[in-house]
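# Secondary and tertiary structure notes
The chain contents come next:
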Amino acid sequence: MTLLPVEIAQKYELVVGLEVHAQLSTLSKSFSSDSAAFGAEPNHHISAISLGHPGTLPRINKRMVEYAVKMGLACNCTINLKNSFARKNYFYADLPKGYQITQDHEPICLGGTVDVKLANGTVKTLAIHHIHMEEDAGKSMHDNHHEDSLIDLNRAGVPLIEIVSQPDMRSAEEAGQFLTEIRKLLRYLDICDGNMEEGSMRCDANISVRLHGAAEYGNRCEVKNLNSIRNVQRAIEHEFARQVKVIEAGGRIDQNTLNFNADTGETSVLRSKEMANDYRYFPEPDLMPLVLDNAYVENIRNSLPVLPGQLYQKYLALGLSDYDASVITADKEVALYFEELIKHTANYKAAAHLMMGAVKSYLNETGLHITGLNIEPVNLAGLIKLVDDGSINNTVAAHKLFPAMLKSPGKTADLLAAELNLLITTDSNDVSKYIQDAIAKYPDKVREYQKGKKGVLGLFMGEIMKSSKGKIDPQATNQLLIKELESK
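Residues numbered from 1 in each chain as written. Predicted model: local features only at pLDDT ≥ 70, side-chain atom pairs only at ≥ 80, totals over all residues. Heavy atoms only, no water.

## Observations regarding the packing of helix α7 (residues 322-330) against helix α9 (residues 348-366)
α9 packs onto α7 with a crossing angle of 60° between their chain directions and a minimal axis gap of 10 Å. Between α7 and α9, the angle falls in the class oblique. Handedness of the crossing formed by α7 with α9: left-handed. Seen from α7, the contacting residues are Y323, D324, V327 and I328; seen from α9, they are A352, M356 and K360. Residues of the contact of α7 with α9, tallied by class, amount to five nonpolar, no polar and two charged. (Axes fitted to C-alpha atoms, helices over the stretch in contact; angles between N-to-C directions. Helix = DSSP H or I, 4+ residues; strand = E, 2+ residues; numbered from the N terminus. Parallel < 35°, antiparallel > 145°, perpendicular 65-115°, else oblique. Left-handed = near helix turned anticlockwise from the far one by under 90°. Contact = heavy atoms within 4.5 Å. Nonpolar A, V, L, I, M, F, W, Y, C, P; charged D, E, K, R; others polar.)

So, in structure tokens, the structure goes:
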């Protein structure tokens, strides 16, 4: 990306709105009983209905409607009780019917907001215009054959929701955080896996610039089918610089649909405004209006799980740091594990420290997800209790007992600590011997201590910890060591 001079960049304001397509995790497609599963052999999950053969009729997938309402409620939307469907007409090889069934004038969710937290600590509320339901198109593959493009229609008819934001974003960071929050909500609700690389979550970005203080929006360009949050941010940054350069050079921004090249970080024109498709929306004649009632919506509202924002506030109230609360709630399964863990311990800070320390390090080293951790939360709480009771110290807990629990997940923390002889000794004679041995090993350091060099205490404690193999209470031993040194 070519950077703009600061004085030029500061003259202009970036304006971004996003359209996020989320593939819903239903078993069947939007309007047929064909399987919606990912990964089948090409063209195996199709039928006369999903291919739009003459005489076939669509039927609404109830689960699609439920999932759309869930997302709307999670995004603070107003649920539209009277819904209709429309045909979006265009020709493309992977669109077997020649149209998509979607929603036009009466989408299922209206309005809504998503709060995003920025790097400087501020929270910004971004508005949603609407969320609507539609079916997906198939997939064209242009690199599997040297002469021909190949078509896989397994995806054709798979249910989508499209979350359309207002043009409220003023930086690539805000857009990235909006996508991050949307993906978290989809995953917490268990309605989409949010995997952008596999295409189950995709994003189009509408980008324009205007002079600071201007009321009118500039002409926007739409960058299509961005497949990662980072690429969305890169496309926005590139387009901001490109559009400002055009305007500064006396040109005008043409309202084009653009492609983003992830290798070069640049955009290119897919089609111009003059070439844009006229979708010729008209009411879907084969589907009756979908009428919901308040009881249906309230039943779904009452079934919602605890959402990441709610858990974040809960953890702050429990005394966790902003960082720990943010990291734990960033991943649904991590949050669920932590929720189960704190059912068995009231030491919430210790639980978070263990999750952010030993557990996170183990998962990073092994490449496992939290779902692959073989220690039950109740057993991990047992390790915390041993530390709280003074039976082991934090070092032994993290570096000896936790690894042992990984190797023997069926055993409790206290049983393993006893078997491995890790429990802190309460025999004062043993502690006294460790202290005397350390003092005898470093007589010159004893003299340095007596001359006021208190920093040598760490050397003695290190030696004591080593000889005791960590089986002492560091705080109590430190006090006994000071007493012994000052009596010399």
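## Concerning the pattern of salt bridges
On inspection of all chains with the given rule, the structure shows 22 salt bridges. R210 is the partner of E13 in a salt bridge, and the nearest nitrogen-oxygen pair spans 2.8 Å. A residue pair is termed long-range when its members are at least 10 positions apart, and E13 in strand β1 (residues 12-23) and R210 in strand β12 (residues 201-211) qualify at 197 residues. Like E13, the residue R210 is buried in the burial classification. D204 is paired through a salt bridge with K224; the nearest N and O atoms lie 3.2 Å apart. Taken together, the positions of D204 in strand β12 and K224 in strand β13 (residues 221-226) put the pair 20 residues apart, joining distant regions of the chain. Classification of D204 by relative accessible area gives buried; the value is 2%. Among the charged side chains, a network of salt bridges with common partners joins E13, R170 and R210. (Salt bridge = Lys/Arg side-chain N within 4 Å of Asp/Glu carboxyl O. Buried < 20%, exposed > 50% of the residue type's maximum accessible area, 1.4 Å probe, protein only.)

## Digging into the sheet that holds strand β16 (residues 282-283)
Judged by pairing direction, the sheet is antiparallel, and its three strands sit side by side in the order β5-β4-β16 without closing on themselves. Each edge of the open sheet carries a strand with a single partner, namely β5 (99-102) and β16. As paired elements, strand β4 (residues 86-89) and β5 share four bridges and run antiparallel to each other. Looking at β5, one finds that K88 is bridged to Q100. (Pairing = 2+ DSSP bridges.)

## Considering the side chain of Q100
Residue placement: Q100 occurs in strand β5. A relative accessible area of 6% places Q100 in the buried class. Reaching out from Q100, the side chain makes a polar contact with the side chain of Y90 at a distance of 3.0 Å. Other than its neighbours up to four places away in sequence, Q100 contacts A86, R87, K88, Y90, L95, E135, D136 and A137. (Polar contact = N/O pair within 3.5 Å; in protein donor to acceptor, adjacent residues only side chain to side chain.)

## Section: the side chain of E162
Of note, E162 is situated in strand β11 (residues 159-165). K88 provides the closest opposite charge to the buried, unpaired E162, separated from it by 5.8 Å. The residues contacting E162, other than those within four sequence positions of it, are E19, V20, H21, H130, I131, H132 and E134. (Lys, Arg positive; Asp, Glu negative; His and termini not counted.)

## Side note on the packing of aromatic side chains
A ring pair, where both rings are aromatic, is described by two values, the distance of the centres and the angle of the planes. Counted under the stated rule, the structure contains five aromatic pairs. With centroids separated by 6.4 Å and ring planes inclined at 80°, the aromatic side chains of Y362 and F402 adopt a geometry described as edge-to-face. Of this pair, Y362 sits in helix α9 while F402 sits in helix α11 (residues 394-407), and the two are 40 residues apart along the sequence. Considered together, Y362 and F402 belong to a single accessibility category, that of buried residues. Members of the aromatic cluster, joined through ring pairs, are Y90, Y279 and Y281. (Phe/Tyr/Trp six-rings, centres within 6.5 Å; stacked < 30°, edge-to-face > 60°.)

## Some details on the environment of D152
With respect to the helices and strands, D152 occurs in strand β10 (residues 150-152). Between the C-alpha atom of D152 and that of S140, which follows or precedes it by 12 residues, the distance is 6.5 Å. Within polar-contact distance, the side chain of D152 engages the backbone nitrogen of N43 at 2.9 Å. A polar side-chain atom of D152 sits 3.0 Å from the main-chain amide nitrogen of N154.

None of the figures reported here should be taken as evidence of function without further support.
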